[in-house]
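# Secondary and tertiary structure notes
Given next are the chains, with one letter for each unit.
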Amino acid sequence: MNRDSGAFSNAGPDAAALRNCKASPVGGGIELRKTICAICNPLSHCGIDAYVRDGVVIKVEGSDNPHNGGTLCAKGAASRQYIYHKDRLRTPLLRTGEKGSGEFWPISWEEALDIAAQRLNSIKEESGAESVAFFAGYPKWMRPFLKRLAHSFGSPNYCTESSTCSTAAFLAAKLNYGCFGRPDLGNAKCLLVWSANPFYSNTSMVRRLLDARDRGLKIIEVGPLVTPLTRHADVHLRIRPGTSGALALGMANVIIEEELYDRDFVENWTLGFDDFKKYAGNFSLERTEAITGVPAHLTRQAARLYAKTRPAALQTSASPTVHHTNGVQNHRALTALIGLTGNFDVRGGNYVRPPAYLYVPGPPSTREHEYEQSRPWSEMAPRMGVERFPVWSRVIAEAQAMHLPFQIQTETPYPIRSVVGFGLNHRMWPGCDFMYESLKKLDFFLQVELFMTDTCKAADLILPACTSFERSELKFYPEKFVIWTTPVIEPLGDSRPDATIIFDLARRIAPEDALLTRGYEANVDWILEPTGLTVEKLKQHPGGLSLKDIPQVPFRKYEKSGFPTPSGKMEFASTVLREFGLDPLPAYKEPELGPVGRPELLKDFPLILTTGARLPMFVHSRTFRLPWTNGLRPEPMLDINPEDAANRDIAQGDTVRLSTPRNSIEVKANITQIVSRGVINIYHGYRDPEINTLFEPDYLDPISGFPGFKSLLCKVEKSI
Ligand SMILES: Nc1nc2c(c(=O)[nH]1)N[C@H]1C(S)=C(S)[C@@H](COP(=O)(O)OP(=O)(O)OC[C@H]3O[C@@H](n4cnc5c(=O)[nH]c(N)nc54)[C@H](O)[C@@H]3O)O[C@H]1N2
Ligand SMILES: Nc1nc2c(c(=O)[nH]1)N[C@H]1C(S)=C(S)[C@@H](COP(=O)(O)OP(=O)(O)OC[C@H]3O[C@@H](n4cnc5c(=O)[nH]c(N)nc54)[C@H](O)[C@@H]3O)O[C@H]1N2
Ligand code: SF4
Ligand SMILES: [Mo]
């Protein structure tokens, strides 16, 4: 297929050409300094050339970092607006008014750290260390240090934004395989993209994807929305939100019936295949079509294409398939297709590589996970939510943050009296008003943030953090590249890097941890030890270092050591789920508040709401405040199909009321074919209206605790 030469063109400059075409003059007091952008996720973190004059960033460009090769997205291009925004916190602030009033008084760092230590240590003494929860929001770079701090303080309650992102997908993959394999895109001949839209959510992958397409890669896309990927796809399976499990079982049924599966792998390396085969047999193409809305012939075509084109890889997403009340089982069903077709840990399939650092696959491997867990679980109180989400607690080494507001409110089995939040955004939670009220109930809420957000207003003490431009951090890239960044400017005002704050707190609240008290760089050196790298060595390469002579990780590692599951095999029938009395097969259940799950609601709420499909210019709550990015969509909008709009007399740009059984909000209508009839799509994270008030706080998958953000009955009416 010919690629358009428009917005998604792959014709990026190579590194040498890039160096020659730099427009910005260097000299005359302008210096070029290298750093990374950390506005979006750690699989991106593009290299940046920052032009600095008189200690101020005056311009940014994409650097020759092999990951982004000179490119930046709209958000990264707006970095100056992010760094210098008027809402940036510049000094520690102590609450003086009522909680929520936003009245604070500036104090010094010494005072602030002493107050924090005094409050945290006395709550620990009175109620136990577990009554302090530590939380990291979407920012991730401080996580290993924060987790260690929590454990060394004595609290098992370290949790993160990943309680709504990626971890449920990881959990599902772990139940099936014990580990997780990413697509080996460079060698795949077919890519099954199951609910991911890299054109918006992972732009640095797009060049590689289009290169592979030029080499003849077949693409199958699964997802309810039309995306920029759709025009590159050979088949698009446009499912009803929340029905991935049924579609995957329907595809598995075709693959098994037509004997397209990998008999050798299935016979030697799997557990529960016969039961799986029998169960999948219930998902005839007709029944699958009735559930998912995908025409039978397309499901068959996709199943054949994926199973017959070897090797084939599955690209899953961190969130859309698990943002449902049936998410884990759906995700298990679709990742089962990898083993069924013999594409697990093979060249061009889903390739398992040990983690390097912070979600980036290696090699080399660091000691990140060993570092984080400074105290065994057995020496701490049970984690919050362990009874409610026992499977999560067995498999995932964090607490489930969706339970946090419940335990603050009920104080059962023990009270949570304090939260130490790094970038905590209450609007991330379903029923975010309930989360906000819960935060206000705390005895001591310490928030470390870049900006004065609404969540900050519920805090007792706010500490100002700084951006990636103002700090040093360790960053590995899958392209065998590593960088220890040097701050390109001084931290704004009195702000400090999160890591500095953590190590300063550690000296006051975890003084017996001999490693933590040695400070940031010594801790990074400890983590780096198996790689042979040190911070000192990395400092000699301020632009980053290419890692040479790293041996290739072998394929089919299970042939040597088995799968890291209880049975040592890939588990179509999960031993862990069986142990907890749950269905061991990836059984399909309807989304709870869906047209089949709750037919009695259909009369009043006839549409299906899916929230949070990514937009290229926004990252959750972060970039709404930047003029360049916000200018691309100045007002919140919901996407509605032309027929649904016409039936409701709604015209483009009309103000409409979007309601669920819990709440309703007003927003503008965007009439578009990207959603099918019956589906409403809206971005999340807006300050006003608050999308997540539409969800009950307990609208959660009982296995993972993940919110059902992407399937919920709703209605839309024209506002009068
Ligand atoms: N309805 C709906 N809700 C969703 C989703 C959805 O699809 N639909 N998606 C879910 C998913 S997958 C995710 S990942 C979450 C997003 O989770 P959130 O944690 O809400 O993400 P952000 O808004 O990006 O970041 C939170 C805060 O971190 C602050 N911050 C940024 N950088 C730093 C830093 O370096 N240090 C510190 N201390 N703070 C910093 C930002 O200013 C921001 O206020 O939302 C979830 N919520
Ligand atoms: N620009 C930008 N990039 C981001 C982020 C951001 O906020 N902005 N957030 C980052 C984060 S935290 C995450 S988790 C990732 C997520 O990013 P992606 O993995 O790309 O996920 P989405 O864009 O939410 O959704 C991708 C597609 O999933 C499909 N989908 C929606 N509902 C369903 C469903 O019920 N079933 C199936 N099978 N498919 C469905 C839709 O068709 C949608 O186009 O993006 C990361 N990158
Ligand atoms: S926001 Fe854009 S420039 Fe920054 S890391 Fe993400 S993709 Fe790269
Ligand atoms: Mo996410």
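Procedures and definitions
Every residue gets a number counted from 1 within its own chain, in the order that chain's sequence is written. Going through the entries in the order they are written, you letter the chains from A and number the ligands from 1. In view of the model being predicted, local features appear only for residues whose pLDDT reaches at least 70, and side-chain atom pairs are presented and counted only at 80 or more, with totals across whole chains, interfaces and linings using the full set of residues. Values reported for side chains reflect all heavy atoms of the structure, with hydrogen atoms and water molecules removed beforehand. By the criteria applied, helices consist of DSSP H or I runs no shorter than four residues and strands consist of E runs no shorter than two, each listed in order from the N terminus. Only C-alpha atoms enter the radius of gyration; for comparison, a globular chain is expected to reach 2.2 Å times N to the power 0.38, where N is the number of residues. Partly exposed residues are those whose accessible area sits between 20% and 50% of the maximum for their type, while under 20% is buried and over 50% is exposed, using a 1.4 Å probe and protein chains only. In what follows, a contact means two residues having at least one pair of non-hydrogen atoms within 4.5 Å. Where accessible areas are quoted, they stem from the Shrake-Rupley method and a 1.4 Å probe; at the residue level, only the protein chains shown are allowed to cover. Charged residues are defined here as Lys and Arg on the positive side and Asp and Glu on the negative side; His and the ends of the chain fall outside this count. Every charge is mapped onto a representative atom, which is NZ of Lys, CZ of Arg, CG of Asp or CD of Glu. Helix axes are fitted only over the stretch in contact, all axes being lines through C-alpha atoms; the angle between N-to-C directions runs from 0 to 180 degrees. Geometric relationships in this document are graded by angle, where less than 35 degrees denotes roughly parallel, more than 145 denotes roughly antiparallel, 65 to 115 denotes roughly perpendicular, and other angles denote oblique. Take the far helix as your reference; a near helix turned counterclockwise from it by less than a right angle gives a left-handed crossing, and one turned clockwise gives a right-handed crossing. Residue polarity is assigned by list, with Asp, Glu, Lys and Arg as charged and Ala, Val, Leu, Ile, Met, Phe, Trp, Tyr, Cys and Pro as nonpolar; anything else, Gly included, falls into the polar class. Residues are labelled near a given molecule or strand when at least one of their non-hydrogen atoms is within 4 Å of it. Side-chain atoms alone can form a polar contact between residues adjacent in sequence; in general such a contact is a pair of N or O atoms within 3.5 Å, and within protein one must be able to donate a hydrogen while the other accepts it. Domains are outlined according to an automatic or database domain assignment. In short, buried area is how much 1.4 Å probe accessible area vanishes from two parts on joining, totalled over both. Aromatic rings from Phe, Tyr and Trp, with only the six-membered ring used for Trp, were paired whenever their centres fell within 6.5 Å, and each pair was classed as stacked if the ring planes differed by under 30 degrees, edge-to-face if by over 60, and tilted otherwise. Strands are labelled as partners when DSSP assigns at least two bridges between them.

## Here's the deal with the overall build of the protein
What the protein contains, in helices and strands, is 25 helices and 29 strands. Here the C-alpha radius of gyration of the protein, 25 Å, is about what a compact globule of 720 residues would show, namely 27 Å. Here the C-alpha coordinates of the protein stretch approximately 70 × 55 × 55 Å along the principal axes. Within the protein, the fraction of its 720 residues that count as buried is 62%. Restricting the contact set of the protein to residue pairs at least 6 apart, pairs at least 24 apart contribute 73%. Per element, the accessible surface of the protein, about 26,700 Å² overall, is 51% carbon and sulfur. The averaged location of the 81 negative side-chain charges in the protein is 4 Å from the averaged location of its 83 positive side-chain charges.

## Focus: the packing of helix α6 (residues 167–177) against helix α14 (residues 327–340)
Following both chains from N to C, one finds α6 and α14 inclined at 50°, their axes separated by 9 Å at the closest point. Accordingly, the angle class assigned to the pair α6 and α14 is oblique. α6 and α14 meet at a crossing whose hand is right-handed. On the side of α6, the interface is formed by Ala168, Ala169, Leu171, Ala172, Leu175, Asn176 and Tyr177, while α14 contributes Val328, His331, Arg332, Thr335, Ala336, Ile338 and Gly339. Considering only residue class, the contact of α6 with α14 consists of nine nonpolar, four polar and one charged.

## Considering the environment of Leu694
Tracing the backbone shows Leu694 in the loop between β28 (679–682) and β29 (712–718). Taking the C-alpha atoms as reference points, Leu694 and Pro661, separated by 33 residues in sequence, lie 7.8 Å from one another. Setting aside its immediate chain neighbours within four residues, Leu694 contacts Leu609, Leu658, Thr660, Arg662, Asn663, Ser664, Ile665 and Leu712.

## Thoughts on the site of ligand 2
Taken together, 35 residues lie around ligand 2, and Asn197, Ser201, Ser317, His324 and Phe618 are the ones closest in. In this structure, an oxygen atom belonging to ligand 2 sits 2.8 Å away from a main-chain N or O atom of Asn197. Here an oxygen atom of ligand 2 sits 2.8 Å away from a polar atom, N or O, in the main chain of Gly242. Here ligand 2, which alone exposes 920 Å², has 96% of that area covered by the protein. Of the residues assigned to the shell around ligand 2, the class counts are 17 nonpolar, 15 polar and three charged. Residue contributions to the shell around ligand 2 reach at least three from each of two domains, namely domain 3 (167–354 + 563–579) and domain 4 (599–718).

## Quick look at the domain arrangement of the protein
For the protein, the assigned domains are domain 1 (12–83), domain 2 (93–164 + 357–546), domain 3 (167–354 + 563–579) and domain 4 (599–718). Taken over C-alpha atoms, the centre of domain 1 sits 34 Å from the centre of domain 4. With nine residues of domain 1 at the interface, the matching set in domain 4 holds 11 residues. Roughly 830 Å² is buried in total at the junction of domain 1 and domain 4, and carbon and sulfur atoms are behind 66% of that figure. On the domain 1 side of the interface with domain 4, the three residues burying the most area are Lys75, Gln81 and Tyr82, jointly 59% of the side's total. Where the side of domain 1 that touches domain 4 is concerned, the elements lending two or more residues are α2 (74–77) and α3 (79–83). Counted by class, the side of domain 1 that touches domain 4 contains seven nonpolar, one polar and one charged residues.

## Describing the packing of aromatic side chains
Using the criterion set out here, one finds 34 aromatic pairs in the structure. Ring plane angle 85° and centroid distance 5.5 Å describe the contact between Phe145 and Tyr520, whose orientation is recorded as edge-to-face. A residue pair is termed long-range when its members are at least 10 positions apart, and Phe145 in helix α5 (residues 143–153) and Tyr520 in helix α20 (residues 520–528) qualify at 375 residues. Accessibility assignment for this pair places Phe145 and Tyr520 in one class, buried. When the centroid spacing of 5.2 Å and the interplanar angle of 35° are considered together, the rings of Tyr261 and Phe273 count as tilted.

## A look at the sheet that holds strand β26 (residues 655–659)
The strand order around the closed barrel formed by six strands is β24-β28-β25-β27-β26-β29, and the pairing between neighbours is mixed. Taken pair by pair, the neighbouring strands of this sheet meet at an average axis angle of 45°, ignoring direction. Relative to β28, strand β25 (residues 637–640) runs antiparallel, the two sharing two bridges. By the bridge assignment for β28, Leu638 is matched with Ile682.

## Quick notes on the pairing of β28
Of the two faces of β28, the one lined by Val679 and Asn681 and the one lined by Ile680 and Ile682 are each fully buried. Across four bridges, the pairing between strand β24 (residues 607–611) and β28 is parallel. If you follow Thr611 over to β28, its bridge partner there is Ile682.

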